[in-house]
Amino acid sequence: MQAFDEGKIFLDKISREIKIEPQDWMPEQYRKTLIRQMSQHAHSEIVGMLPEGNWITRAPSLKRKAILIAKVQDEAGHGLYLYSAAETLNITREEMIGQLHAGKAKYSSIFNYPTLTWADIGAIGWLVDGAAIMNQVPLCRCSYGPYARAMIRICKEESFHQRQGFDILFTLSNGTGAQKKMAQDAINRWWWPSIMMFGPNDDASPHTKQSMDWKIKRFTNDELRQKFIDVCAEQVKVLRLTLPDEKLKWNDERKHYDFGDIDWEEFRNVVNGNGPCNKERMDARIRAHKEGEWVREAAAAHAEKIKLRQQKAVA
Ligand code: BYC
């Protein structure tokens, strides 16, 4: 009887757009879905630092280097807000990171592609952060309070990231012939992986229906992908470059761009660990975690010292 009432209260809150908070009753499956999505999201932010971090020492000017360092630091911050928000669901950061390092937790497919030239940093900002914003702005209205609130600041920072990427590509596309070619080549390589970021088609997405009912997701994978394609098809004209899709064409009846077939075989391969950089990314993550052990130990020892000092002062 009690669980029934609690279930009713929960659904009533969802229908009235009242946020679910950590102390509230929630179905076990809601909690598990959030842990899954939020931890995957946090892992993506942390692993996402690696392809761009690669270019910090090679950025072409002091200004570009400073911007890139700030962006990569922002991604670390996003990971930390998200791990903290997920910890309100009764899982520890250590457990989540353990799952990632054991290969049991997913992170976004996009970060398993290499960054071959400086233009890739532009393409990541414009396309990858652009896709992230499209997916994440609706998450600011997600039904779980801590996740929704974490997303507000993340989205503000992602907007800056998207613009810096577009600015890099704009500069290159107005530069020499070689620079323009480099920008086009980066777009050619990042376009299809970027539209895969939104996940499988709706009819192949096992979680969408329930997550939409619970207002964790506010749009389906296909709805967001279409919005993103519509925006990029216009923005690429400003760059005077092209998207590598011969079927990309405005459909006046649908009021959307039509687009070509996505290679879902490639997507599955990358998600299952066989993308071009999966192994490299995981090795780098695990190495960084091991090398950071002394920092975690020192921080814990410092916290203990402060606690003892405070206890002495009170006694
Ligand atoms: N890559 O039923 P579905 C960033 C998995 S960070 C890998 O549609 P759902 C950035 C999915 O997890 C970007 N796996 O699932 C950072 C599920 O697997 P499991 C990350 C994917 O959850 C640094 C299965 O496929 N953004 O932008 O309803 C620098 C079935 O899918 C992918 C987020 O995490 C993928 N692309 O919808 C720059 C946003 N797609 O768990 C930028 C939050 C799907 O059953 N997450 N899968 O084993 C979401 O919005 C949703 O989780 C998704 C998937 C739309 C991604």
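Being a predicted model, the structure only gives us computed values, none of them experimental. Here the residue numbering is sequential within each chain, running from 1 through the sequence in written order. Totals for whole chains, interfaces and linings use all residues, but because this is a predicted model, local features are given only for residues with pLDDT of at least 70 and pairs of side-chain atoms are given and counted only at 80 or more. Each side-chain value is worked out from all heavy atoms of the structure, with water and hydrogens disregarded.

A. Examining the overall build of the protein chain more closely. Scanning the protein chain for helices and strands turns up 13 helices and two strands. Taken against the 2.2 N^0.38 rule, which gives 20 Å for 315 residues, the C-alpha radius of gyration of the protein chain at 21 Å falls within 12% of a compact globule. In terms of overall dimensions, the protein chain has a C-alpha envelope of 70 × 50 × 30 Å along the principal axes. Accessible area is worked out with a 1.4 Å probe on protein chains only. A residue is then buried under 20% of its type maximum, exposed over 50%, and partly exposed in between. Across the 315 residues in the protein chain, those meeting the buried criterion constitute 48%. In this analysis, two residues are considered to be in contact whenever any of their non-hydrogen atoms come within 4.5 Å of each other. Sequence separation of 24 or more characterises 76% of the internal contacts of the protein chain that already satisfy a separation of 6 or more. Accessible surface for the protein chain amounts to roughly 16500 Å². Of this, 57% is attributable to carbon and sulfur atoms. Neither His nor the chain ends contribute to the count of charged residues, in which Lys and Arg are positive and Asp and Glu negative. Charge positions come from single atoms, namely NZ of Lys, CZ of Arg, CG of Asp or CD of Glu. Within the protein chain, the 42 negative side-chain charges are centred at a point lying 4 Å from the centre of the 46 positive side-chain charges. A run of DSSP states H or I qualifies as a helix once it reaches four residues; a run of E qualifies as a strand once it reaches two. Both are numbered from the N-terminal end. Each radius of gyration reported is based on C-alpha atoms, and the globular scaling rule is 2.2 Å times the count of residues to the power 0.38. Per-residue and other accessible areas follow the Shrake-Rupley method at a 1.4 Å probe size, with only the shown protein chains counted as cover for residues.

B. The arrangement of the site of the ligand in detail. Note on terminology: near, applied to a residue and a molecule or strand, indicates that one of the residue's heavy atoms is within 4 Å of it. Taken together, the neighbourhood of the ligand is formed by 33 residues, with Gln40, Lys106, His207, Lys217 and Asn221 sitting nearest. A 3.5 Å cut-off defines polar contacts: any pair of N or O atoms within that distance qualifies, except that in protein one atom must be a possible hydrogen donor and the other a possible acceptor, and neighbouring residues in sequence count only when both atoms are side-chain atoms. One of the backbone N or O atoms of Met197 is found 3.2 Å from a nitrogen atom in the ligand. Surface burial for the ligand is 90%, taken as the share of its 1000 Å² of free accessible area covered by protein chains. Residue assignment for the shell around the ligand shows that the elements contributing at least two residues are helix 2 (28-47), helix 6 (118-136) and helix 11 (264-274). Tallying contributions element by element places helix 2 first for the shell around the ligand, with six residues.

C. Representation of unusual backbone geometry in the model. Even without a glycine there, the phi angle at Arg240 is positive, about 55°. Of note, Arg240 is situated in the loop between helix 10 (221-239) and strand 1 (249-251). Backbone geometry places Lys255, a non-glycine residue, at a positive phi of 60°. If you trace the backbone, Lys255 turns up in the loop between strand 1 and strand 2 (256-258). According to the relative accessible area criterion, Lys255 is partly exposed, its value standing at 49%.

It is worth stressing that arrangement in space is one thing and function is another; only the former is reported here.
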